[in-house]
Amino acid sequence: MLPSQTFGGVGIRWPARLLALAAIAAAVAILGGGSPDTEAHPGHPQKKLFLGHWYHTDVPQEVDLTTSTFFFGLSGDYDGDTIVDGCDGGVNQTSCVLKWQNPFQDAINDWNAQPMDVDFIQTGNQNPANDIWIITMDEVFHNPGILGVAMLYNSSGTWCGDVEGGYDACIFRYGDALHGDDSHSGPYGTAPVRRATVLHEIGHLINLRHESVNPPETQLYPCGLDDTGPIPVSIMSYDCIDPPPGGAGLSTVQDWDTCGVNHKYFDPLTAFSDCDSDVDGHVDQLDNCSTVPNPNQANFDTDDTGDACDPDIDGDTILNASDPEADGDRVMNTDETNCGSNPNDSSQRPERVDGVFAGVSDDGDPQVDEVLPPGADDYDCDGDGYIGTTEAAIFFGSGGNGNRDPCGNNGWPADLFASTPGGFQYNTLNVQDLGSFLTPVRHFQTSSGEPNFSPRWDLVPGSSFGEHINVQDLAAMVAGSTGFPAMTLPGRAFGQMCPWAP
Amino acid sequence: LAFLGRFLPIAIATAALLAFVAGCGSGDDSAEDADDRRNSSVTSDVPVNEVPVRWASANARDLSTLLRSTGTVFVGRVTALNGQRTQQIGRGAVVPGNGGPSASFPISEYEITVVRPLRGAPPEGSTLPLEQPGGLITRTDGTPGRIALAGDEPFGVGKTYLIFGSLREDGVLTTAPFGRFTFDDGAASPLEGWAHLPVAQHLTGRSIEDVAREVQDAP
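What counts and what doesn't
- Residues numbered from 1 in each chain as written.
- Chains lettered and ligands numbered in written order.
- Predicted model: local features only at pLDDT ≥ 70, side-chain atom pairs only at ≥ 80, totals over all residues.
- Heavy atoms only, no water.
- Buried < 20%, exposed > 50% of the residue type's maximum accessible area, 1.4 Å probe, protein only.
- Helix = DSSP H or I, 4+ residues; strand = E, 2+ residues; numbered from the N terminus.
- Arc of directions from axis to C-beta.
- Contact = heavy atoms within 4.5 Å.
- Salt bridge = Lys/Arg side-chain N within 4 Å of Asp/Glu carboxyl O.
- Polar contact = N/O pair within 3.5 Å; in protein donor to acceptor, adjacent residues only side chain to side chain.
- Nonpolar A, V, L, I, M, F, W, Y, C, P; charged D, E, K, R; others polar.
- Phe/Tyr/Trp six-rings, centres within 6.5 Å; stacked < 30°, edge-to-face > 60°.
- Lys NZ or Arg CZ within 6 Å of the ring centre and 35° of its normal.

Student: Is there a simple way to explain helix α6 (residues 208-217) of chain B in this structure?
Tutor: All names here are of chain B. Residues of α6 that are buried: V211, A212 and V215. Projected down its long axis, α6 shows its buried positions confined to an angular sector of 100 degrees, all on one face. Considering only its buried residues, α6 is in contact with α3 (63-70), β3 (72-89), β4 (103-119), β7 (160-167) and α5 (198-203).

Following this line, the structure appears as structure tokens:
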């Protein structure tokens, strides 16, 4: 077995095969010239972030990134140029610490709150040779015009600026975010701006380039624009994070920063992404609809597109907008809408209480087997061809569940002949059900008050077409009282078995 | 041969740097064009590795803010690139001896002569040392490269600039790209990429006299 090595201050294990993969990727990067992967949209389909070269894994998992204690309590001339470095140049370090402590912590918390597979943690077990360091100096490069700079290093500890292709080709493993304290004065002298600077520089350390720029960064654009047109706002855009009135004053990470960036540093493993753009628990590569949250991944017609994104959910070649029953669950759109369900999600239907639908939520809300919403009695909520008021009359006093149960003799009005489960013609509409109007008891041509009358056979309650039980009821048995037995779409009910177990 | 193969790229890079330095020392007007050609030929042939920087560009939201955040304003001509030094930056520099790495970041060292002091600047004819982060490097593969901060561009030796800068306590001048304008055709022009800033929009196209009046009248 090949050895593994420890990464970072918390001892993340990096199997040797991953190192081999990284080496191959590095070779590919070098041979390929290390061109930056930019300009991914229109439509922002890139969906790419948090694949920083230093925390690649072969399976999606949580990865901890340790952060240093942020260094601003130190002072001294670290670079030998006779100018004191460190927070506030050592003049008033206490004040400097107070200024930066909360913005730093807020920035870390903000990144950690994003839907990503990495976390920044702070432990006392940092490895000074790795990890993320956040350093506040008096001035970066002793230049008060610089708010911050990001320094990236490869696995050998070589600064990426020194390698061929620079940051765009470097397989970086860790980095430093440096901030200038003295630069954060005037318009930049507020806590939200300091937080924005930390967020921005950490963004560089996790693979992000500047946004609202053209790829070579020779042109800056206003917040929400770049050389390709409108883009979402970003913490990586100068204009978005600059304080008003010139900038938008943004000081929080945006959704687009985690799932849809336009500009990022080169990533040899860019084909692998674990970004969950719509935050529904399914990474984009495995999400059958990555733009609309659909945690159940419902896909009625089993094509490549989940119901939530499918213009023809049931695959009947009639687009949803024109399809009276769009999602294939055999409940009409109008009925679903009025019975508390989503007509465009085949996994959701109005609440049912029969068979496998009992004891679970069928309509996507947290409630289980709840009563249908007010007004639902005027609609066919269970898709058996009979509206709620009709079913209430038919099953009155029988204990049936009416509009929440479309199958079986106790829920499907048309299934008049009672047989035992698994038995002959059980839960099927056929000639025996038709015959039950006449035999063994003749219900046909009877009215309320007569000995053989039963509301169970009065499928069109209140009919004045001769006796209460008449030819109109016979017709309704086949076609449904609504004239459209949705449960047998696109055919008729006769000869069909209710598709849902009672 | 192996020895040559190993050190030849380093020698080439060193020679390029020396040629660059030697060719940029003249402040003579007649040498201006030649200096520019040498400068551009060296810099354009060398691949650039950009380092991401967040500039304090909101300081250029108006002239008063820019003046307050800089303090030294003048029109000057860059007369020489004297060389470059390296500054250690990163965790290894902040906490020496901790085992962490740091970068030897090149800092280019120029000389600039004051043509017209506008505010907080030394008298006309004074020469100031001017530093700009970035410069030539020899990359790990032995080839030459140039480090530049994103959004910045090297000073052109022989060129005249309007500078909104800061004088450090050691007397060295620093400036940011949003606080720098060229005067190539007698009118102020912002650096590429910074024309959208309010101060740039305000000063673009102005003559030196106009700019001088604006700066002197600003609160």
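Student: What am I meant to see in the pattern of salt bridges here?
Tutor: Pairs can form between side chains of opposite charge once their charged atoms are near each other. All chains considered together, the criterion is met by 14 salt bridges over all chains. Between R195(A) and D106(A) there is a salt bridge whose closest N-O contact spans 3.6 Å. One end of the pair, R195(A), is in helix α3 (residues 191-205); the other, D106(A), is in helix α2 (residues 93-112), and 89 residues separate them in sequence. With its nearest N and O atoms 3.0 Å apart, the salt bridge here joins R168(B) to E131(B). Of this pair, R168(B) sits in the loop between β7 and β8 (173-182) while E131(B) sits in strand β5 (residues 127-138); the two residues are 37 residues apart in sequence, bridging distant segments of the chain. Judged by its relative accessible area of 8%, E131(B) is buried.

Student: Could you clarify how one ought to interpret the interface of chain B and chain A in this entry?
Tutor: Interface size is often expressed as the accessible area that is lost when the parts come together. With 52 residues of chain B at the interface, the matching set in chain A holds 64 residues. Here chain B is connected to chain A by one salt bridge. Residue D242(A) is joined to R54(B) by a salt bridge in which the shortest nitrogen-to-oxygen separation is 3.2 Å. Inspection of the chain B/chain A interface yields 20 residue pairs in polar contact (both at pLDDT 80 or more). Of all the secondary-structure elements, those providing two or more residues to the side of chain B that touches chain A are β1 (48-51), β2 (53-55), β3, α4 (91-94), β4, β5, β6 (144-149) and β8 of chain B. Taken together, the residues of the side of chain B that touches chain A break down into 23 nonpolar, 19 polar and ten charged.

Student: Before we go on, may I ask you to explain the side chain of S251(A) in this structure?
Tutor: Residues and elements named next belong to chain A. Looking at where S251 falls in the secondary structure, it is placed in the loop between α4 (238-241) and α5 (255-258). Relative accessible area serves as the criterion here: at 11%, S251 is assigned to the buried category. A polar contact of 2.9 Å, which involves the side chain of S251, links it to the side chain of R195. Not counting chain neighbours up to four residues away, the residues in contact with S251 comprise D110, P192, R195, A196, L199 and I235.

Student: Got a minute to help me understand the packing of aromatic side chains in this structure?
Tutor: Aromatic ring pairs are reported here in terms of the distance separating the ring centres and the angle at which the planes meet. Under the definition given, this model contains seven aromatic pairs over all chains. When the centroid spacing of 5.3 Å and the interplanar angle of 65 degrees are considered together, the rings of Y110(B) and F155(B) count as edge-to-face. Highlighted residues: Y110(B) in strand β4 and F155(B) in the loop between β6 and β7, separated in sequence by 45 residues. We classify Y110(B) as buried; its relative accessible area is 3%. Here a set of aromatic residues connected by ring pairs shows up, and it is made of F141(A), W159(A) and F105(B). Over the ring of F357(A) we find R352(A); its NZ or CZ atom is 3.9 Å from the centre of that ring. In this arrangement the basic side chain of R180(B) is found over the ring face of F155(B), its NZ or CZ atom lying 4.1 Å from the centre.

On their own, these measurements won't tell you what the molecule is for.
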